[in-house]
Amino acid sequence: MERQVNMEDISDGRLYGINDMVKADCHGCRDCSVCCQGMGSSILLDPLDIFRLSCGLNKSFEEMIDEKIELNVVDGLILPNLKMAGDTERCVFLTEEGRCGIHAARPGICRIFPLGRLYENRSFRYFLQIHECPNAGRSKVKVKKWIDTPDWKQNEKFISDWHYFLKELQDVLKDSPDTGLRKEISMYVLKQFYLQAYNPEEDFYSQFDRRLAEAAVCTKKWMRKPPV
């Protein structure tokens with residue numbers, strides 16, 4: 001999901017790399033769960049998020065749909081997002097005490113918050129969102145430590161590859177009025193990267209790379225397909 005915003009309005013004006021220090025540490029969100037409520041369908045889940053949730057909950061993608069996650073159209077593609085529930089639209093994984101019930105398996109968007117990602121030149125850098133977190137007592141922390149993700153080099157490659165893969169498909173859909181093609185692409189993405197279970201005993205990134213290589217063949221076919 002691309003946001004058409006002015007970076008000067010939402011950030012501190014700086015871009016951060018993995019080894020930079022950034023004022024993002026909210027010290028465990030003491031007595032606060034604002035970012036876990038009222039988020040609508042904005043917490044999109046990528047294949048790594050689903051892999052982590054499936055392993056952490058011991059549930060398949062299909063078993064999590066409706067109860068834990070839901071599907072929505074994002075720039076022409078059907079993609080999963082975390083489900084919010086109740087009058088205050090609380091994340092379904094938020095406990096009664098206001099704590100994350102899946103902290104070890106939490107999605108990538110949750111891991112980097114209040115950071116965001118700015119994508120450029122087939123890569124990305126982080127930026128600090130200055131209006132999203134109400135905690136005024138945040139302290140500096142190294143980005144690498146804050147995102148709490150092992151194998152960060154593989155992770156950043158995965159994030160870039162996934163983002164630009166989706167962008168290519170969304171550009172195809174944007175230029176095509178063919179409803180059949182839209183359905184074909186969306187269903188392919190769901191089956192190839194979400195419904196087809198990942199092996200928990202094998203490295204996720206290797207499995208994803210194989211699936212992405214297969215998908216690249218289909219993407220070229222769709223890009224050559226003339227509009228109806």
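Structure shown above.
Here the structure is a predicted model, which is why all the values come from computation and not from measurement.

### Some points on the pairing of strand E3 (residues 77–82)
The element E3 is largely enclosed, with a buried count of five among its six residues. Taken together, strand E2 (residues 69–74) and the strand that follows it, E3, pair antiparallel across an intervening segment of two residues, in which Asp-75 is found at a positive phi of about 50°.

### Regarding helix H2 (residues 47–57)
Taking burial as the measure, the eleven residues of H2 include eight buried ones, the bulk of the element. Along H2, the positions that sit buried rather than exposed are Pro-47, Leu-48, Asp-49, Ile-50, Phe-51, Arg-52, Leu-53 and Ser-54. Looking at the buried side of H2, the elements it contacts are helix H3 (61–64), E2, helix H4 (108–112), helix H6 (152–174), helix H7 (179–195) and helix H8 (204–224). Where H2 begins, one side-chain oxygen reaches toward the backbone nitrogen of Leu-48, 3.0 Å away; that side chain belongs to Asp-46. Note on H2: the residue one or two positions beyond its end, Asn-58, has a positive phi of about 55°.

### Overview of the packing of aromatic side chains
For the coordinates displayed, the defined rule picks out 19 aromatic pairs. One aromatic cluster is present, formed by Phe-51, Phe-61, Phe-158, Trp-162, Phe-165, Phe-193, Tyr-194, Tyr-198, Phe-204, Tyr-205 and Phe-208 through successive ring pairs. Positioned above the aromatic ring of Phe-124, the side-chain terminus of Arg-117 is 5.7 Å from the ring centre. Of note, Arg-211 hangs over the ring of Tyr-198, and the distance from its end group to the ring centre comes to 3.7 Å.

### Some words on the nonpolar core
Of all hydrophobic cores here, the largest spans 56 residues; its most connected members are Val-189 and Phe-193. At eight residues, H6 tops the list of elements feeding residues into this core. Discounting chain neighbours no more than four positions away, the residues touching Phe-193 are Pro-47, Trp-162, Phe-165, Tyr-198, Phe-208, Arg-211, Leu-212 and Ala-215.

### Some remarks on unusual backbone geometry
In the segment running from Phe-113 into Pro-114, the intervening peptide bond is cis, with an omega of 10°. Within the fold, Pro-114 resides in the loop between H4 and strand E6 (115–120). Although it is not a glycine, Asp-75 sits at a positive phi angle of roughly 50°. The exposure class of Asp-75 is partly exposed, given its relative accessible area of 44%. The phi angle at Glu-89 is positive, at roughly 50°, despite the residue not being glycine. Turning to its location among the elements, Glu-89 is positioned in the loop between strand E4 (84–85) and strand E5 (90–91).

### Focus: H8
Between the first and last C-alpha of H8 there are 31 Å, a value that for 21 residues agrees with the 30 Å anticipated at 1.5 Å per step. Among the residues of H8, those classed as buried are Phe-204, Tyr-205, Gln-207, Phe-208, Arg-211, Leu-212, Ala-215, Cys-218, Thr-219 and Trp-222. Looking at the buried side of H8, the elements it contacts are H2, H6 and H7.

### Observations concerning the side chain of Asn-81
Mapping Asn-81 onto the fold places it in strand E3. Of note is the side chain of Asn-81, whose polar atom sits 2.8 Å from the side chain of Asn-72. For Asn-81, the contacting residues outside a window of four places in its chain are Gly-40, Ser-41, Ile-43, Leu-44, Leu-45, Ile-69, Glu-70, Leu-71 and Asn-72.

Thresholds applied
Residues numbered from 1 in each chain as written. Predicted model: local features only at pLDDT ≥ 70, side-chain atom pairs only at ≥ 80, totals over all residues. Heavy atoms only, no water. Buried < 20%, exposed > 50% of the residue type's maximum accessible area, 1.4 Å probe, protein only. Helix = DSSP H or I, 4+ residues; strand = E, 2+ residues; numbered from the N terminus. Pairing = 2+ DSSP bridges. Contact = heavy atoms within 4.5 Å. Polar contact = N/O pair within 3.5 Å; in protein donor to acceptor, adjacent residues only side chain to side chain. Phe/Tyr/Trp six-rings, centres within 6.5 Å; stacked < 30°, edge-to-face > 60°. Lys NZ or Arg CZ within 6 Å of the ring centre and 35° of its normal. Core = buried A, V, L, I, M, F, W, Y, C linked by side-chain atoms within 4.5 Å. Expected span 1.5 Å × (residues − 1).

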